[in-house]
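Structural features, examined
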Amino acid sequence: MINQDDYLQLLDLTYQVAQSLKGKTAPDHRLRDCNELAAKLFFHAATIYWLRQGTKAPVPEPEGAFFYDLASVTVITRSALETYLTMFELFFEPVTDDEREFRHALWLLSGFVIREDYVPYDPTLKDRIANSQREIEEMRARIESTATFASLTDRQKRNALK
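The paragraphs below set out a description of the structure included in this document. (Residues numbered from 1 in each chain as written. Predicted model: local features only at pLDDT ≥ 70, side-chain atom pairs only at ≥ 80, totals over all residues. Heavy atoms only, no water.)

Points about the overall build of the chain
Looking only at helices and strands, the chain has 7 helices and 2 strands in total. The N-to-C order of helical and strand elements in the chain reads α-α-β-β-α-α-α-α-α. Of all 162 residues assigned to the chain, the portion counted as buried reaches 28%. Taking the contacts inside the chain whose residues are at least 6 apart along the sequence as the reference set, 59% of them involve residues at least 24 apart. On the chain, roughly 11,700 Å² of surface is accessible, and the fraction owed to carbon and sulfur atoms is 59%. (Helix = DSSP H or I, 4+ residues; strand = E, 2+ residues; numbered from the N terminus. Buried < 20%, exposed > 50% of the residue type's maximum accessible area, 1.4 Å probe, protein only. Contact = heavy atoms within 4.5 Å. Areas by Shrake-Rupley, 256 points an atom, 1.4 Å probe, with all protein chains shown as cover.)

Re helix H5 (residues 126-144)
Because each turn of an α-helix spans 3.6 residues, side chains separated by three or four positions in sequence point in the same direction. In this model H5 runs 27 Å from its N-terminal to its C-terminal C-alpha over 19 residues, within 8% of the 27 Å that 1.5 Å per residue would give. All of the buried residues in H5 are Ile 136, Met 139, Arg 142 and Ile 143. Looking straight down H5, one finds that the buried residues subtend no more than 120° of arc, so they occupy a single side. In H5, the exposed residues that point more than 90 degrees away from the buried face are Lys 126 and Asp 127. (Expected span 1.5 Å × (residues − 1). Arc of directions from axis to C-beta.)

Section: helix H3 (residues 70-92)
If you check H3, its first and last C-alpha atoms are 31 Å apart, about what 23 residues at 1.5 Å a residue would give, namely 33 Å. Looking only at H3, the buried set comprises Val 73, Ile 76, Ala 80, Thr 83, Met 87, Leu 90 and Phe 91.

Overview of the side chain of Arg 103
With respect to the secondary-structure elements, Arg 103 resides in helix H4 (residues 97-118). There is a polar contact of 2.9 Å between the side chain of Arg 103 and the side chain of Glu 99. (Polar contact = N/O pair within 3.5 Å; in protein donor to acceptor, adjacent residues only side chain to side chain.)

Focus on the pattern of salt bridges
Scanning all chains against the criterion turns up 10 salt bridges. For Arg 78, the salt bridge identified is with Glu 82, shortest N-O distance 3.0 Å. One end of the pair is Arg 78 and the other is Glu 82, both in helix H3 and 4 residues apart, which spans about a single turn. One salt bridge in this structure joins Glu 99 and Arg 103, with 2.9 Å as the shortest N-O distance. Taken together, the residues span about one helical turn, with Glu 99 and Arg 103 both in helix H4 at a distance of 4 residues. Residue Arg 103 is classed as buried on the basis of its relative accessible area, which comes to 18%. (Salt bridge = Lys/Arg side-chain N within 4 Å of Asp/Glu carboxyl O.)

Focus on the side chain of Arg 100
On the secondary structure map, Arg 100 appears in helix H4. Not counting residues within four places of it along the chain, the set of residues in contact with Arg 100 comprises Arg 30, Leu 90, Phe 91 and Pro 94.

Some remarks on the packing of helix H2 (residues 31-51) against H3
In the contact formed by H2 and H3, the axes pass within 9 Å of each other and the chain directions differ by 155°. Relative to H3, the element H2 lies roughly antiparallel. As H2 packs across H3, the resulting crossing turns out to be left-handed. Between H2 and H3, the residues in contact are Asp 33, Cys 34, Leu 37, Ala 38, Lys 40, Leu 41, His 44, Thr 47, Ile 48 and Leu 51 and Ser 72, Val 73, Ile 76, Thr 77, Ser 79, Ala 80, Thr 83, Tyr 84, Thr 86, Met 87, Leu 90 and Phe 91, respectively. Taken together, the residues of the contact of H2 with H3 break down into 13 nonpolar, 7 polar and 2 charged. (Axes fitted to C-alpha atoms, helices over the stretch in contact; angles between N-to-C directions. Parallel < 35°, antiparallel > 145°, perpendicular 65-115°, else oblique. Left-handed = near helix turned anticlockwise from the far one by under 90°. Nonpolar A, V, L, I, M, F, W, Y, C, P; charged D, E, K, R; others polar.)

Comments concerning the environment of Asp 98
Following the sequence through the fold, Asp 98 ends up in helix H4. Look at Asp 98 and you get partly exposed, because its relative accessible area is 24%. Here Thr 148 takes part through its side chain, which lies 2.6 Å from a polar atom of the side chain of Asp 98.

Dropping the structure here:
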């Protein structure tokens with residue numbers, strides 16, 4: 001089990017890693033997304049740390065109502081785990097740069113497609129929708145240009161491009 005000092009050391013290390021990437025230009029355009037995920041992971045971990053200290057609610061009692069918000073800790077912990085798993089799958093697990101490019105473009109495409117499915121059509125957003133369509137096509141082109149994509153079955157290719 002991790003104790004408070006260990007947690008604070010890990011939190012500090014996460015912060016240093018995120019800060020080391022901040023503002024640096026890199027030849028790999030994907031590092032910006034990696035940095036944003038690292039910062040998100042740090043923020044979640046810091047929030048969990050502070051929530052574990054307990055919360056004092058502003059109620060008219062003399063001392064206020066003190067409680068531990070375990071439901072919020074659970075939700076944020078799940079989000080932190082999902083963020084870590086996304087970072088791992090996109091940036092640390094791929095063996096080749098081609099596979100990393102495939103996964104990164106697929107991840108970006110999934111974000112565009114999800115938004116596209118849930119945003120009602122609004123004629124005032126015509127330019128924005130057209131721009132999103134161009135970006136979706138760019139992501140699909142990036143995916144199709146990888147050797148990883150070429151190694152998939154036809155069905156897997158169709159699913160990837162959806």
